[in-house]
Amino acid sequence: MKKYPMRINLNGEWVEMEADAGETLLLALRDTLDAVEVKNGCGKGDCGACTVILNGNPVNACLTLALQADGKEVTTIKGIGSAQDPHPLQKSFVEKGAIQCGFCTPGHVLSAKVLLDKNPTPTRDEITEAISGNLCRCTGYTKIVEAIENSAQSLNAE
Ligand code: FES
Ligand code: FES
């Protein structure tokens, strides 16, 4: 299949790659760029495990064509913090026990990050709405919502 050259800014660094016309951003990230922190859950837009931030908005990477990301900024969970220097959301998810198996966590954190970037003082309903595309089989969501609230408070106190 014909491949097309493209480039994305992945977590702050421009990378060159090639993708075919039907290739999803999810497969390009995981298979070509080794960004396996982007999780492949359902592969059809139902679970949100593959959520990444594309030019400031959360998208399902499994429903986005790689070529649609050409020339754009893609942020994965690795782009917002590290084990040594975690983002307040990452810290709060750990502190509040909002992680069990962890498969959904990158997607939840990235959806929450976009919410807090746009709305630093969200209501509980707004938080629930922002993560409505991210499914969790383990936690029951209460702790996830609490972690996002907690993170909003600590970000606003900075
Ligand atoms: S893997 Fe993309 S929404 Fe489930
Ligand atoms: S922590 Fe297991 S799916 Fe959410």
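Above this text you will find the structure in question.
Computed from a predicted structure; not experimentally measured. (Residues numbered from 1 in each chain as written. Chains lettered and ligands numbered in written order. Predicted model: local features only at pLDDT ≥ 70, side-chain atom pairs only at ≥ 80, totals over all residues.)

K.L.:
Could you give me a rundown of the sheet that holds strand β4 (residues 57-60), with the residues and numbers involved?
P.N.:
Strand order in this open sheet of 5 strands is β2-β1-β5-β3-β4, and the pairing throughout is mixed. Edge strands, defined here as strands with exactly one partner in the open sheet, are β2 (13-20) and β4. Neighbouring strand axes in the sheet, compared pairwise and without regard to direction, differ in orientation by 40 degrees on average. Strands in contact with helix α3 (residues 105-118) are β3 (51-54) and β4; relative to β3, the strand with the most contacts, it is inclined by about 30 degrees. (Pairing = 2+ DSSP bridges. Helix = DSSP H or I, 4+ residues; strand = E, 2+ residues; numbered from the N terminus. Axes fitted to C-alpha atoms, helices over the stretch in contact; angles between N-to-C directions. Contact = placed C-beta atoms within 7 Å.)

K.L.:
Can you lay out the packing of helix α2 (residues 88-95) against α3 for me, pointing to particular residues and giving the numbers?
P.N.:
The packing of two helices is summarised by the inter-axis angle and the distance between the axes. Axis separation between α2 and α3 bottoms out at 10 Å; the angle between their running directions is 130 degrees. Here α3 runs oblique to α2, going by the angle between their axes. Along this stretch, α2 crosses α3, giving a crossing that reads as right-handed. Between α2 and α3, the residues in contact are L89, Q90 and F93 and T105, V109, A112 and K113, respectively. (Parallel < 35°, antiparallel > 145°, perpendicular 65-115°, else oblique. Left-handed = near helix turned anticlockwise from the far one by under 90°.)

K.L.:
Outline the pairing of β4, listing residues and values.
P.N.:
On a regular strand, each side chain points to the face opposite its neighbour's, so the side chains alternate between the two faces of the sheet. The sheet contact formed by β3 and β4 spans 4 bridges and is antiparallel. Within β4, the residue paired with L54 across the bridge is N57. Once β3 ends, the chain turns through 2 residues before running back antiparallel as β4, passing N55 with a positive phi of about 45 degrees.

K.L.:
Kindly report on unusual backbone geometry, identifying the contributing residues and their values.
P.N.:
Non-glycine residue N11 carries a positive phi angle of around 50 degrees. With respect to the secondary-structure elements, N11 resides in the loop between β1 (3-10) and β2. A tally of 18 C-beta atoms within 10 Å means that N11 is categorised as partly exposed. Of note, D34 is a non-glycine position whose phi angle comes to about 60 degrees, a positive value. Tracing the chain through its elements places D34 in the loop between α1 (25-32) and β3. Residue class for D34 comes out exposed when judged on the 8 C-beta atoms lying within 10 Å of it. (Buried ≥ 20, exposed ≤ 12 C-beta atoms within 10 Å, placed from the backbone.)

Everything listed here is a matter of geometry and, on its own, says nothing about what the molecule does.
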